[in-house]
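Below, each chain spelled out in residue letters.
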There are 2 protein chains.
Amino acid sequence: MTEDGKIIVALDAMGGDYAPAEQVKGAVEAVNICDDIVVRLYGDEQKLRSELSKYKYDESGIIIVPSFSVVENCDVPTNAIRQKKDSSMVLGMYALKNGEADAFVSCGNTGAILVGGQTIVGRMRGVDRAGLAFLVPTARTPVLIMDCGANIDCRPEMLVQFAKMGSIYMKYVLGVSDPKVGLVNIGEEETKGNHQVQETFPLLKECGDINFVGSVESRGMIDGEVDVAVCDGFVGNTILKTYEGVAANMLNVVKSALTSTLLSKAGALLIKNNFKKTMKQFSVEEYGGAPMLGLRNFVVKTHGNSKSPEIRNTVLQCRTAVREGLTEKIAESLSRQ
Amino acid sequence: MTEDGKIIVALDAMGGDYAPAEQVKGAVEAVNICDDIVVRLYGDEQKLRSELSKYKYDESGIIIVPSFSVVENCDVPTNAIRQKKDSSMVLGMYALKNGEADAFVSCGNTGAILVGGQTIVGRMRGVDRAGLAFLVPTARTPVLIMDCGANIDCRPEMLVQFAKMGSIYMKYVLGVSDPKVGLVNIGEEETKGNHQVQETFPLLKECGDINFVGSVESRGMIDGEVDVAVCDGFVGNTILKTYEGVAANMLNVVKSALTSTLLSKAGALLIKNNFKKTMKQFSVEEYGGAPMLGLRNFVVKTHGNSKSPEIRNTVLQCRTAVREGLTEKIAESLSRQ
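Residues numbered from 1 in each chain as written. Chains lettered and ligands numbered in written order. Predicted model: local features only at pLDDT ≥ 70, side-chain atom pairs only at ≥ 80, totals over all residues. Heavy atoms only, no water.

Enquirer: Quick question: what am I supposed to make of the overall build of chain A here?
Expert: The helix and strand inventory of chain A stands at 12 helices and 11 strands. In terms of overall dimensions, chain A is globule-like: its C-alpha atoms have a radius of gyration of 20 Å, near the 20 Å expected for 337 residues. Taken over the C-alpha atoms alone, chain A extends approximately 65 × 60 × 35 Å along its principal axes. A separation threshold of at least 6 residues defines the contact pool for chain A, and within that pool the share at least 24 residues apart is 71%. Summed over all atoms, the accessible surface of chain A reaches about 13500 Å², with 48% contributed by carbon and sulfur. (Helix = DSSP H or I, 4+ residues; strand = E, 2+ residues; numbered from the N terminus. Rg over C-alpha atoms; globule rule 2.2 N^0.38 Å. Contact = heavy atoms within 4.5 Å. Areas by Shrake-Rupley, 256 points an atom, 1.4 Å probe, with all protein chains shown as cover.)

Enquirer: Looking at this structure, how should I read the nonpolar core?
Expert: It is characteristic of soluble globular proteins that their nonpolar side chains tend to be buried jointly. L41 and M221 of chain A together with L41 and M221 of chain B are the most contacted members of the largest nonpolar core, which has 217 residues in total. Counting eight residues, the second largest nonpolar core, distinct from the first, contains L258, A268 and I271 of chain A together with L258 of chain B. (Core = buried A, V, L, I, M, F, W, Y, C linked by side-chain atoms within 4.5 Å. Buried < 20%, exposed > 50% of the residue type's maximum accessible area, 1.4 Å probe, protein only.)

Enquirer: Got a minute to help me understand the relation of the copies chain B and chain A in this structure?
Expert: The pair of chain copies shares a relation made of a rotation about an axis and a shift along it. Rotating chain B by 180 degrees about the axis while translating it 0.0 Å along that axis superimposes it on chain A, leaving an RMSD of 0.0 Å. Within this description, the copies of the chain are treated as partners about a two-fold rotation axis. No C-alpha of chain B lies nearer the rotation axis than that of G267 of chain B, which sits 1.9 Å from it. Take the interface residues of chain B: 100% of them recur as interface residues in chain A, which is what a same-surface contact looks like. (Least-squares fit on C-alpha atoms with pLDDT ≥ 70 in both.)

Enquirer: For this particular structure, what's the right way to read the pattern of salt bridges?
Expert: When the charged atoms of two side chains with opposite charge come close together, those side chains can pair. Inspection of every chain in the model, using the stated rule, returns 22 salt bridges over all chains. The shortest N-O distance in the salt bridge between E51 of chain A and K54 of chain A comes to 2.9 Å. A relative accessible area of 12% places E51 of chain A in the buried class. A salt bridge links E217 of chain B to K241 of chain A; the nearest nitrogen and oxygen atoms lie 2.2 Å apart. One end of the pair, E217 of chain B, is in the loop between β8 (211-216) and α8 (218-222); the other, K241 of chain A, is in helix α9 (residues 233-259), on a second chain. The exposure class assigned to E217 of chain B is buried, which follows from its relative accessible area of 17%. Salt bridges sharing common partners tie together D36, R319 and R323 of chain A. (Salt bridge = Lys/Arg side-chain N within 4 Å of Asp/Glu carboxyl O.)

Enquirer: Would you mind showing me how to read the pairing of strand β5 (residues 131-136) of chain B here?
Expert: On a regular strand, one side chain projects to one face of the sheet and the next to the other, so that they alternate. Residue and element names in this part refer to chain B. With six of six residues buried, β5 lies mostly within the body of the structure. Of the two faces of β5, both are covered, the one formed by G131, A133 and L135 as well as the one formed by L132, F134 and V136. The pairing of β5 with strand β10 (residues 290-293) spans two bridges and is classified as antiparallel. What sits directly across from L132, in β10, is M292. Between the end of β5 and the start of strand β6 (residues 143-146), which pair antiparallel, lie six residues. (Pairing = 2+ DSSP bridges.)

Enquirer: Hey, could you run me through the packing of aromatic side chains in this one?
Expert: The description of an aromatic ring pair uses the distance of the two centres, along with the angle that the planes make with each other. Residue and element names in this part refer to chain A. Tallied over the entire structure, the rule returns four aromatic pairs over all chains. Seen from their ring centres, F201 and F212 are 5.2 Å apart, and the 75 degrees between their planes marks the pair as edge-to-face. Here F201 is found in helix α7 (residues 195-206), whereas its partner F212 is found in strand β8 (residues 211-216), with 11 residues between them in sequence. A cation over a ring is seen here: K307 above Y18, with NZ or CZ 4.6 Å from the ring centre. (Phe/Tyr/Trp six-rings, centres within 6.5 Å; stacked < 30°, edge-to-face > 60°. Lys NZ or Arg CZ within 6 Å of the ring centre and 35° of its normal.)

Enquirer: Can you walk me through unusual backbone geometry in this structure?
Expert: Most peptide bonds adopt trans geometry, and most residues besides glycine take a negative phi value. Here the residue pair A19 of chain B and P20 of chain B is connected by a cis peptide bond, since its omega of -5 degrees sits within 30 degrees of zero. When you line up the elements, P20 of chain B lands in the loop between β1 (7-12) and α1 (21-33). With a phi close to 50 degrees, D178 of chain A is a non-glycine residue in the positive phi region. Mapped onto the elements, D178 of chain A comes out in the loop between α6 (156-172) and β7 (180-184). Look at D178 of chain A and you get exposed, because its relative accessible area is 52%.

Enquirer: Is there a simple way to explain the sheet that holds β8 of chain B in this structure?
Expert: Residues and elements named next belong to chain B. What the 11 strands build is an open sheet, ordered β3-β2-β1-β4-β11-β10-β5-β6-β9-β7-β8; its pairing is mixed. The sheet is open, and its two borders are formed by β3 (62-66) and β8, each paired with just one other strand. The average angle at which neighbouring strand axes cross in this sheet is 25 degrees, direction not considered. Packing against the sheet, helix α2 (residues 45-52) makes contact with β2 (37-43) and β3, and its axis sits at approximately 155 degrees to β3. (Axes fitted to C-alpha atoms, helices over the stretch in contact; angles between N-to-C directions.)

Enquirer: I would appreciate a short explanation of helix α11 (residues 308-323) of chain A in the present structure.
Expert: Residues three or four positions apart in an α-helix share a direction because the helix packs 3.6 residues into each turn. All names here are of chain A. Taking 1.5 Å per residue, 16 residues should reach 22 Å; α11 reaches 23 Å between its end C-alpha atoms and fits that length. For α11, every residue scored as buried is listed here: S308, E310, I311, N313, T314, V315, L316, Q317, C318, A321 and V322. Trailing α11 by a residue or two, G325 shows a phi angle of about 65 degrees, which is positive. (Expected span 1.5 Å × (residues − 1).)

Enquirer: Before we go on, may I ask you to explain the interface of chain B and chain A in this structure?
Expert: Reports often express the size of an interface as the amount of accessible area lost when the parts come together. Between chain B and chain A, the residue contacts involve 51 residues of the former and 51 residues of the latter. In total, chain B and chain A occlude about 4600 Å² of area from one another, counting both sides; carbon and sulfur atoms represent 73% of this. By the criterion of area lost to chain A, the three top residues of chain B are I186, F234 and M250 of chain B, representing 15% of everything that side buries. Summed over the shared surface of chain B and chain A, the number is two salt bridges. Run the count over chain B and chain A and you get 10 residue pairs in polar contact (both at pLDDT 80 or more). When contributions to the side of chain B that touches chain A are tallied by element, the ones reaching two or more residues are α7 (195-206), α8, α9 (233-259) and α10 (262-279) of chain B. With 21 residues, the single largest contributor to the side of chain B that touches chain A is α9 of chain B. (Buried area = accessible area lost by both parts, 1.4 Å probe. Polar contact = N/O pair within 3.5 Å; in protein donor to acceptor, adjacent residues only side chain to side chain.)

Enquirer: Before we go on, may I ask you to explain the packing of α6 of chain A against helix α12 (residues 326-335) of chain A in this structure?
Expert: Helix packing geometry: the angle between the two helix axes and the distance between the axes. Residues and elements named next belong to chain A. In the contact formed by α6 and α12, the axes pass within 10 Å of each other and the chain directions differ by 145 degrees. The two elements α6 and α12 meet at a crossing, and its hand is right-handed. Contacts between α6 and α12 involve Q161, K164, M165, I168, Y169 and Y172 from the first element and L326, K329, I330, S333 and L334 from the second. Among the residues forming the contact of α6 with α12, the class breakdown is seven nonpolar, two polar and two charged. (Left-handed = near helix turned anticlockwise from the far one by under 90°. Nonpolar A, V, L, I, M, F, W, Y, C, P; charged D, E, K, R; others polar.)

Enquirer: Looking at this structure, I do not really get the side chain of K301 of chain A. What am I missing?
Expert: Residues and elements named next belong to chain A. Following the sequence through the fold, K301 ends up in strand β11 (residues 298-301). One buried charged side chain, K301, makes no salt bridge at all; its nearest oppositely charged neighbour is E310, positioned 8.2 Å away. Here the side chain of K301 touches C107 through a polar contact of 3.5 Å, landing on its backbone oxygen. Engagement of the side chain of K301 in a polar contact is seen with the backbone oxygen of G108, the distance being 2.8 Å. (Lys, Arg positive; Asp, Glu negative; His and termini not counted.)

Enquirer: What is the right way to read the sheet that holds strand β3 (residues 62-66) of chain A from this model?
Expert: Residue and element names in this part refer to chain A. Across the sheet, 11 strands lie side by side as β3-β2-β1-β4-β11-β10-β5-β6-β9-β7-β8; this open sheet has mixed pairing. The open sheet has two edge strands, β3 and β8, and neither has a second partner. Here the strands of the sheet are splayed against their neighbours by 25 degrees on average, with no regard to which way each runs. Bridging between strand β10 (residues 290-293) and β11 involves three bridges; their strand directions are antiparallel. Residue pairing across strands places M292 opposite V299, the latter belonging to β11. Strand contacts of helix α1 (residues 21-33): β1 (7-12), β2 (37-43) and β3, with the helix running at about 170 degrees to β2, the strand carrying the most contacts.

Enquirer: How should I be thinking about the environment of A257 of chain B in this particular structure?
Expert: Relative to the elements of secondary structure, A257 of chain B occurs in helix α9. For the pair A257 of chain B and E45 of chain B, spaced 212 residues apart in sequence, the C-alpha to C-alpha distance is 46 Å.

Structure representation (structure tokens):
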């Protein structure tokens, strides 16, 4: 934090499909909404200055920190983190490690963020493996799926830690009181599931500090039956990508239904506004990015194709997480295990 | 088959949410379309007669076989198969085993169908485990996901058999030439994936008799990149239920967008027909039911909430499978391994 108590967010301004333009715009929007945030923009100094010149904002809210290379999506994560020491991603992560920032945000190479998170920022004491959590819309309130791809093969103890960390995240950052935690399974009975699930179920049942409601099928999860859905990264990533695929596919089909005949085009004009508003429900950008939970400090991965609203919301999400003492609360919970 | 070469389908007319009305209707529709099919309807004789009296059809195409109990959805599968010997499901499966039918169809208790398939109909020689395969719509042609829940923890050799069986099914029943087979994974690189995937990948690569195209992410699968997606039953079932959940959820949201204001209601009237036609793309009933592959004869599970079109299409699907010699082709392929 700054001396006057402002929260400092390190933003990798060069990672993502629309970097640095949308990153800069999102940062400006965030500091214009909350005057207790300072964003440190890591990136090409000249490009950042040129983007910043387009906006009005309190100049004390944004600091440019020059970087000299970029971690690309095609880079091998471990190599990128080791070799691109002067990149916007690596410099931003070191700022978090060294206390020059309270949170770190990037839309860049997911694998590199995961590697950098583990090796530069470092795991919290007592955490086996940090996990990537995604919030997805449901028929009710959004559900946090954890893990979504950071840990492929998971031991039951890791899933228990994901349950605890996800639960704390939902409680303090999303404001859900007593979040319902479900174990992703292919049936609701306790006897169902693969070896991993059957070994994890009794451990979750014993956890006093979470509200474990039992198994949840992915269908029930999408219906909004739980607030936190626990699974290994293979299953979580598969769910997430199925979700994105079906949603995108259906949206295309609906759009083509709306525009394929003269009559439907006329109808489309009439429903346009209402339709846009409703479909926003399926937009994940409202919730900010995917937090990597279990690190010593708060790291958030946002979509590669993020535009300014998602960047802005992610910066605001960092503010909430830091103000609520998320990392400390996770550390405290895991030290009790 | 009958003496004059007609294909006999045993239909459990008592299983499913709308049994026996929709089962009887679907059977009548099927025999009215193809005169080389005979449907043996297993169920309560009086109820079946009463339903049948509503329709016109060639009476030699439908045979009622009385049964005296029903396997309910709440029944424990193994108990149901063992104890309800006079049920429509068990009698129908014995007919298949004894050669009185060429295929068996049920909308009933999935677990019981799986157990009955393995214990009454029996596994094909050389098959480790029979699997349940589901066809789901994609942005292009439908993809067959196998396994979708019959086998939770799978050895790599089982996945290889699923790949071969699914490939033959798509080729001969759906008419896809040289079906592309993908291994469900969370990245496309050969080095990605959990232990199971990494052990299975090289085995699939070595298979000379399938068109293995490598790993496929669930997103790519929904985009229609492959014809057969291979995974264990835990992952497959999770994908399937995520798919159903997201599709149902979005459909509800779209519907409410269409009807929430006066203006959008007017627009909805204009697009109604076109919209209905387009949304049919997401209806799985077009493709019939989920085949259980690897048994000595052809068993198909259809949705519990199936109506007559799905029953009809499933009976027609059985006809194609039997005419094409699906079971023999699978047996031949697996004997070469």
